[in-house]
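Here is what each chain is made of, one letter per residue.
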Amino acid sequence: MPVASVGDSETVTLELTQERIDRFAALTGDENPLHVDADYAEDGLFGGRVAHGALTASVVSAALAALPGDIVYLSQNLEFENPVRPGETVSATATVTEELGTDRLAVEVRAETDREVLSGETTVMSLPHE
């Protein structure tokens, strides 16, 4: 039986500063100029720099980790609704929606700034810490 249960919900908030975006780019090697080059990004699809989608999704990971038990992230299906600009604060919420058996849980996830930026579902294991 998982430690987290249906109805459990956690929210984590993080400001995605340009410094964090630059550090994420350096850490992952994702130097896409839409994230790190202001002049290049200005003429791009978003009209300026935006955070990496994976960086936004990492706030979801933090919300999942805040759920009860040792959380093991197994899968995800995410939709990126809107870009996140440097300096915006992202709030990600993970809500357990279904017990799937063998300590697995379905979790609905959402992230927002002043608008929804990400939505989807994940599957996690929730185990007691031994």
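Our structure is the block above this text.
What this report covers is the structure whose coordinates are included nearby. Here the structure is a predicted model, which is why all the values come from computation and not from measurement.

With respect to the overall build of the chain
Here comes step 1: When you go through the chain residue by residue, the secondary structure sums to four helices and five strands.
Here comes step 2: Element order for the chain, N to C, with α for helix and β for strand: β-α-α-α-α-β-β-β-β.
Here comes step 3: Dimensions of the chain along its principal axes, counting C-alpha atoms only, are 50 × 30 × 20 Å.
Here comes step 4: Sorting the 130 residues of the chain into buried and exposed places 33% on the buried side.
Here comes step 5: Put simply, 65% of the contacts in the chain that link residues at least 6 apart link residues at least 24 apart.
Here comes step 6: Carbon and sulfur atoms make up 48% of the accessible area of the chain, which amounts to about 6900 Å² in all.
Here comes step 7: One finds the centroid of the 7 positive side-chain charges in the chain at a distance of 4 Å from the centroid of its 24 negative side-chain charges.

So, the pairing of strand E4 (residues 104-112)
Regular strands place side chains that alternate from one sheet face to the opposite one.
Here comes step 1: Direction of pairing for strand E3 (residues 88-101) relative to E4: antiparallel, over a ladder of nine bridges. Bridge pairing in E4 links glutamate 99 to leucine 105.
Here comes step 2: In sequence, E3 turns back onto E4 through a hairpin of two residues, with threonine 102 there showing a positive phi of about 45 degrees.
Here comes step 3: Looking at chain direction, E4 and strand E5 (residues 116-127) are connected through nine bridges and run antiparallel. Within the sheet, the bridge partner assigned to glutamate 112 lies in E5 and is glutamate 116.
Here comes step 4: What sits between E4 and E5 in their antiparallel hairpin is a turn of three residues.

Quick word on the nonpolar core
Here comes step 1: Among the nonpolar cores identified, the biggest contains 25 residues, and Leu64, Val107, Val109 and Leu118 are the most heavily contacted of them.
Here comes step 2: At the level of secondary structure, the elements contributing two or more residues to this core comprise helix H1 (18-28), helix H4 (53-65), E3, E4 and E5.
Here comes step 3: No other element matches H4, which puts six residues into this core.
Here comes step 4: Here leucine 64 is in contact with Ile71, Tyr73, Ala94, Val107, Val109, Thr122 and Val124, once residues within four sequence places are set aside.

Looking at the side chain of histidine 52
Here comes step 1: Tracing the backbone through its elements, the reader meets histidine 52 in the loop between helix H3 (38-42) and H4.
Here comes step 2: Residue histidine 52 is classed as buried on the basis of its relative accessible area of 1%.
Here comes step 3: Setting aside residues up to four positions removed in sequence, histidine 52 forms contacts with Ile21, Phe24, Ala25, Asp30 and His35.

Reading the values: the criteria
- Numbers given for residues are sequential positions, taken from 1 along each chain in its written order.
- With the structure being a predicted model, the display of local features is reserved for residues of pLDDT at least 70 and the display and counting of side-chain atom pairs for 80 or more, all residues being used for whole-chain, interface and lining totals.
- Excluding hydrogens and water, the side-chain figures rest on all heavy atoms present in the structure.
- Under the DSSP-based scheme used, a helix requires at least four consecutive residues in state H or I and a strand at least two consecutive residues in state E, with every element numbered from the N terminus.
- Here the term buried applies to any residue with accessible area under 20% of the maximum for its type, exposed to any over 50%, and partly exposed to those in between, with areas from a 1.4 Å probe on protein chains only.
- Note on contacts: a residue pair qualifies if any of its non-hydrogen atoms lie within 4.5 Å across the two residues.
- Surface accessibility follows the Shrake-Rupley procedure with a 1.4 Å probe radius. Residue values consider only the protein chains on display as shielding.
- By the counting rule applied here, Lys and Arg register as positive and Asp and Glu as negative, while His and the ends of each chain are not counted.
- Throughout, a charge is located at the NZ atom of Lys, the CZ atom of Arg, the CG atom of Asp or the CD atom of Glu.
- DSSP bridges decide pairing: two strands pair if at least two such bridges lie between them.
- Only buried Ala, Val, Leu, Ile, Met, Phe, Trp, Tyr and Cys residues count toward a nonpolar core, and they belong to the same one when joined by side-chain atoms within 4.5 Å.

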